[in-house]
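Report on the structure
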Amino acid sequence: HRETIEQIAADDGLNLSDIEIVDTDVVIDMEDPALSVVRDKNRSSMAIGLHMLANGEGDAFVSAGNTGALLAGATLIVRRIKGVHRAAIGTVIPFPVPVLLLDSGANTEVDEKTLLQFAVMGSAYMEKLYALPRARVGLLNNGTEPTKGTPLYKSAHAVLAESDLIDFVGNVEAKAIPFDVCDVLVCDGFTGNILLKTVEGMGKFMIQTLKGILTENAVTKIGALTMRKQLKNMKSQFDTSEHGGAPLLGLKGLVVKTHGSSKAKEVKNSIIQCIAFKEQAISEKIGQCLSPREEDIKEP
């Protein structure tokens, strides 16, 4: 509600004079079905925001809400770039050399053509935002050999290897991801989401374990004080709030998904992230990469 927003802003001493508040009392819950955003809850904050984006009343839409509803709403309201048949969530895993995981949760079932399209979109994203001359694409699998994996992943390996739209480096095992083997890692959204949450959980576990070791006694506490800066840097590498949200690649407008548990820092960084995305014209770049060879990656 407007009154709630204004009261919180007043309590925190924030000036809202340059901010337009579009009020609504309809909210999509995490348990609501995906299509509720365009059906019984088409006056929700999510639906209104997506319509405003589609109508050119904003440059970006950031949401920490229901992922299924956001994907459905973005696809049906904002709509996909010509040639794209599946939008995907692209999450940058904050290793020393960043890796874009695509898809990290939007599409649980895909085919070979879709994985190739993810690779093309992910390459455009990384080349623009990280100034890479040519993004290296890997296929997440349980072995490096071309014959590894399910029938889908065996077939996908052949399709990716034959394409001249990307720089394909082959199958990539999960244990190799932190060691600069690829810039874009493609997989289905079910596998990608499990990988992402495993990485996030292991990061928190490592930080907690290290903190316990360094506060064990007086001697280790002194060591911790001398390494304060290094420990802070290490923590920020595993802190997803430092890196903002995850864009839905393949849409005509910029839609960014943040964690449902996001705090102020992640929301702030997600908004800042939108500025770079818009300035680099990522959506336009993806459209340019797909349109010349649409017949090669169109939906079967």
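Notes on the structure follow.

Quick notes on the sheet that holds strand β7 (residues 246-249)
Taken together, 8 strands build an open sheet; the order of strands is β1-β8-β7-β2-β3-β6-β4-β5 and the sheet is mixed. Only two strands of the sheet have a single neighbouring strand rather than two, namely β1 (60-63) and β5 (167-172). The mean inter-strand angle of the sheet, taken between neighbouring strand axes irrespective of direction, is 30°. Pairing analysis gives 4 bridges linking β1 to strand β8 (residues 254-257), with the strands arranged parallel. Residue Phe61 lies in a different strand from β8, and its bridge partner there is Val255. The sheet strands contacting helix α9 (residues 264-279) are β1, β7 and β8, and the helix crosses β8 at an angle near 150°.

With respect to the side chain of Thr24
Note on placement: Thr24 falls in the loop between α1 (2-11) and α2 (45-54). On the accessibility criterion, Thr24 (19% relative accessible area) is buried. Within polar-contact distance, the side chain of Thr24 engages the backbone oxygen of Arg43 at 2.7 Å. The contacts of Thr24, once residues within four sequence positions are left out, are His1, Arg43, Ser44, Ser45 and Ile48.

Observations regarding helix α5 (residues 151-162)
In this model, α5 (12 residues) spans 17 Å end to end at C-alpha, consistent with the 16 Å of a helix rising 1.5 Å per residue. Taken together, the buried positions of α5 are occupied by Tyr153, Ala156, His157 and Leu160. The buried residues of α5 occupy an angular sector of 105° when projected down its axis, which confines them to one face. α5 presents Pro151 and Glu162 as exposed residues on the side facing more than 90 degrees away from its buried surface.

Overview of the nonpolar core
Counting residues in hydrophobic clusters, the biggest one holds 48 residues, and the most contacted among them are Ile166 and Leu185. Sorting elements by how many residues they give to this core places helix α4 (residues 112-129) first, with 9 residues. In contact with Ile166, other than residues within four places in its own chain, are Leu116, Ala119, Val120, Ser123, Arg134, Val137 and Leu160. Counting 20 residues, the second-largest nonpolar core is a separate cluster that includes Ile28, Phe61, Ala106 and Leu248.

Overview of a nonpolar patch on the surface
A contiguous nonpolar patch, built from Leu35, Val38 and Leu76 and spanning about 210 Å² of accessible area, is present on the exposed surface. Of note, Leu76 is situated in helix α3 (residues 67-78).

Structural notes on empty space enclosed by the protein
One pass over the full model with this rule turns up 2 cavities of 30 Å³ or more. Leu248, Leu249, Gly250, Leu251, Gly253, Leu254, Val255, Phe277, Ser283 and Ile286 together form the lining of the second largest cavity. Sorting the residues of the lining of the second largest cavity by element identifies β7, β8 and α10 (282-290) as the ones contributing at least two each. Considering only residue class, the lining of the second largest cavity consists of 7 nonpolar, 3 polar and no charged.

What counts as what
Residues numbered from 1 in each chain as written. Predicted model: local features only at pLDDT ≥ 70, side-chain atom pairs only at ≥ 80, totals over all residues. Heavy atoms only, no water. Pairing = 2+ DSSP bridges. Helix = DSSP H or I, 4+ residues; strand = E, 2+ residues; numbered from the N terminus. Axes fitted to C-alpha atoms, helices over the stretch in contact; angles between N-to-C directions. Contact = heavy atoms within 4.5 Å. Buried < 20%, exposed > 50% of the residue type's maximum accessible area, 1.4 Å probe, protein only. Polar contact = N/O pair within 3.5 Å; in protein donor to acceptor, adjacent residues only side chain to side chain. Expected span 1.5 Å × (residues − 1). Arc of directions from axis to C-beta. Core = buried A, V, L, I, M, F, W, Y, C linked by side-chain atoms within 4.5 Å. Patch = residues over 30% accessible without salt bridge, like charges linked within 9 Å, V, L, I, M, F, W, Y side chains within 5 Å. Areas by Shrake-Rupley, 256 points an atom, 1.4 Å probe, with all protein chains shown as cover. Salt bridge = Lys/Arg side-chain N within 4 Å of Asp/Glu carboxyl O. 1 Å grid on protein atoms, 1.4 Å probe; cavity = no way out; pocket = protein on both sides within 12 Å on 5 of 7 lines; lining within 4 Å. Points joined across faces, edges and corners; volume = space filled by probe spheres on them. Nonpolar A, V, L, I, M, F, W, Y, C, P; charged D, E, K, R; others polar.

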